[in-house]
Amino acid sequence: MSIKTRFAPSPTGYLHVGGARTALFSWLHAKKNNGQFVLRIEDTDLERSTQESVDAILEGMEWLGLEYDEGPVYQTQRFDRYKEIIQQLLDQNDAYYCYCSKEELDNLREQQMANKEKPRYNGKCRHHVEVKEGVNPVIRFRNPEDGIVVLNDAVKGEIKIANKELDDLIIARSDGSPTYNLTVVVDDMDMEITDVVRGDDHVNNTPRQINILKALGADLPRYAHLPMILGDDGARLSKRHGAVSVMQYRDEGYLPEALLNYLVRLGWSHGDQELFTRDEMIQLFELSDVNVAASAFNTEKLLWINHQYIMNSEPELVAKHLSWHMQQRDIDVDSEGPELVEIVKAQRERSKTLVDMAEASLYFYKDFDGYDAKADKKNFKAGSDDVLADLLAQFSQVAEWDGTALHNIVLATAERLELKLGKVAQPLRVAVSGAGMSPSIDVTLALLGREKTLKRIQAAIDYIKSK
Ligand code: GLU
């Protein structure tokens, strides 16, 4: 039978790193087996679900390139189907109405806590339903009383739960709306999901879901519960640890390929290999190789991986993503300056993120505001205006604006004026870029072009004179 997996986020926030890792593993398991991957939006909690968050999840999936074969399926569009199943369970006597009031249930819980018992529903209405006028009952699943549920988790191994540990859970609220455990079961059954890959915060729900699936005569999927992701401090990963939204990583200059590569290593390994192409991930991924223990998020490592991807990916691909960052900075890369691919080649060794790269490349496209104070003080001294004027005169004469030719002029000028190369090249660098760091001077000048270079050298001369 072919494999079908799903990612089933609740749209109550952005797509965070943990969700993205779950989506990735689920996607990989499907791809690896030539199976299907479904995106299901679990939006039945009307109070907490928002369209904004649906959009954020879709945007995150798209940015990461986690394409789905089916969906997005919205649970809110399947209410009729859930009602039908709830009715079926009632008809089969696998579910019953429960009129117990909140007060009764609260008292029960208090008593159980006082007796140091696990708080659970006592099954009062299971045996004898007392209809109360004017009360809308909830509907509970009649969980089997005997036997054990055996779950062979692909990650955690065998888990056994005795049915007497499980109480009769609510499958429909008093307003008739279905609860999480019911909707998941109906969807996994209807969509013919063969493998449920999800966070291990759901592992306690699984035996209950298995019992409902059995009551419905459905085939049981295989389950794989993924360990938690912790922050570098060992606590569960949360906003406190900085960026947790996938799109925030885009904003901070990460390549989606780098983030995916980082995420695949969170809880999964293949020997000590760190870098995987998408195809390699698909080929090598096995759910059985997922760690049981939680894994810790390590921003330093993510940064290292990002730098590897910036340096080693096709410059065209990096340029495509860099283009977004330039747009964010109001740079019209098509009309104002050099090809972005050339920028990528010139800057990739020194840029760990695309934000670094974009920030360090603005001067190729638009004039900077003032000079970096340190670079100014160090390089714009009395006399450096004469050096710049000397260069300007020669640069104005070159027939073809070529990096090597310009570099040779800089070298020859230093020799003729009996100056160290730095005394010529550094003032020039600050003049054209505004700061003391840029790619090599030949590359910088070539990328900048004749017009901007000449104009900026003249501006620097005027500035030094005015000091
Ligand atoms: N909607 C659930 C969540 O976002 C996931 C349910 C599932 O994967 O079964 O936590």
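Computed from a prediction, not measured in an experiment: that's the story for all the values here.

**With respect to the packing of helix H17 (residues 384–397) against helix H19 (residues 421–433)**
Here is step 1 of the chain: Here H17 crosses H19 at 80 degrees, and the two axes come no closer than 10 Å. One way to sum up the angle between H17 and H19 is to call them roughly perpendicular. Here H17 contributes Ser384, Val387, Leu388, Leu391 and Phe395 to the contact with H19, which in turn contributes Lys423, Val424, Pro427, Leu428 and Ala431.
Here is step 2 of the chain: Across the contact of H17 with H19, the residue classes tally to eight nonpolar, one polar and one charged.

**Notes on a nonpolar patch on the surface**
Here is step 1 of the chain: Among the surface-exposed residues, Tyr97, Val129 and Val131 lie close enough to one another that they form a single nonpolar patch of about 260 Å² accessible area.
Here is step 2 of the chain: By secondary structure assignment, the location of Tyr97 is in strand S4 (residues 95–98).
Here is step 3 of the chain: For Tyr97, a relative accessible area of 37% gives the class partly exposed.

**Some thoughts on the site of the ligand**
Here is step 1 of the chain: Neighbouring the ligand are the residues Arg6, Ala8, Pro9, Ser10, Glu42, Tyr180, Val184, Arg198 and His202.
Here is step 2 of the chain: Protein coverage of the free-state accessible area of the ligand, which is 300 Å², stands at 81%.

**What to know about helix H1 (residues 17–32)**
Here is step 1 of the chain: Over its 16 residues, H1 runs 22 Å from end to end, which matches the ideal 22 Å to within 8%, given 1.5 Å per residue.
Here is step 2 of the chain: Across the 16 residues of H1, 14 count as buried, placing the element largely inside the fold.

**A closer look at the sheet that holds strand S8 (residues 170–172)**
Here is step 1 of the chain: A sheet is described by the order of its strands in space; here three strands give the open sequence S4-S5-S8, paired in antiparallel fashion. Each of the sheet's edge strands pairs with one partner strand only, and the pair in question is S4 and S8. On average, each strand axis in the sheet is inclined to that of its neighbour by 45 degrees, with strand direction left out of account.
Here is step 2 of the chain: Against the sheet, helix H3 (residues 79–91) makes contact with S4, strand S5 (138–141) and S8, and its axis sits at roughly 95 degrees relative to S4, the strand it touches most.

**Quick word on the side chain of Thr5**
Here is step 1 of the chain: Among the structural elements, Thr5 can be located in strand S1 (residues 4–7).
Here is step 2 of the chain: Separated by 2.9 Å, the side chain of Thr5 and the backbone oxygen of Ser26 make a polar contact.

**Comments concerning the side chain of Asn181**
Here is step 1 of the chain: For Asn181, the position within the fold is in helix H6 (residues 180–190).
Here is step 2 of the chain: Asn181 sits in the buried class, given a relative accessible area of 9%.
Here is step 3 of the chain: The contacts of Asn181, once residues within four sequence positions are left out, are Leu169, Asn205, Gln209 and Ile212.

**Quick word on the packing of aromatic side chains**
Here is step 1 of the chain: By the definition in use, this model includes 13 aromatic pairs.
Here is step 2 of the chain: Ring geometry for Tyr249 and Tyr254: centres 5.5 Å apart, planes at 70 degrees, overall edge-to-face. Accessibility classification places Tyr249 together with Tyr254 in one group, the buried group.
Here is step 3 of the chain: Judged by centre distance (4.9 Å) and plane angle (80 degrees), the rings of Tyr371 and Phe380 are edge-to-face.
Here is step 4 of the chain: The exposure class of Phe380 is buried, given its relative accessible area of 3%.
Here is step 5 of the chain: Among the aromatic side chains, those forming a connected cluster through ring pairs are Phe25, Trp268, Phe276 and Phe285.
Here is step 6 of the chain: Directly above the ring of Phe25 sits Arg21, whose terminal nitrogen or CZ lies 5.4 Å from the centroid.
Here is step 7 of the chain: Seen from the ring of Tyr121, Arg140 lies directly overhead, with NZ or CZ sitting 3.5 Å from the centre.

What counts and what doesn't
- Residues numbered from 1 in each chain as written.
- Predicted model: local features only at pLDDT ≥ 70, side-chain atom pairs only at ≥ 80, totals over all residues.
- Heavy atoms only, no water.
- Axes fitted to C-alpha atoms, helices over the stretch in contact; angles between N-to-C directions.
- Helix = DSSP H or I, 4+ residues; strand = E, 2+ residues; numbered from the N terminus.
- Parallel < 35°, antiparallel > 145°, perpendicular 65-115°, else oblique.
- Contact = heavy atoms within 4.5 Å.
- Nonpolar A, V, L, I, M, F, W, Y, C, P; charged D, E, K, R; others polar.
- Patch = residues over 30% accessible without salt bridge, like charges linked within 9 Å, V, L, I, M, F, W, Y side chains within 5 Å.
- Areas by Shrake-Rupley, 256 points an atom, 1.4 Å probe, with all protein chains shown as cover.
- Salt bridge = Lys/Arg side-chain N within 4 Å of Asp/Glu carboxyl O.
- Buried < 20%, exposed > 50% of the residue type's maximum accessible area, 1.4 Å probe, protein only.
- Near = heavy atom within 4 Å.
- Expected span 1.5 Å × (residues − 1).
- Pairing = 2+ DSSP bridges.
- Polar contact = N/O pair within 3.5 Å; in protein donor to acceptor, adjacent residues only side chain to side chain.
- Phe/Tyr/Trp six-rings, centres within 6.5 Å; stacked < 30°, edge-to-face > 60°.
- Lys NZ or Arg CZ within 6 Å of the ring centre and 35° of its normal.

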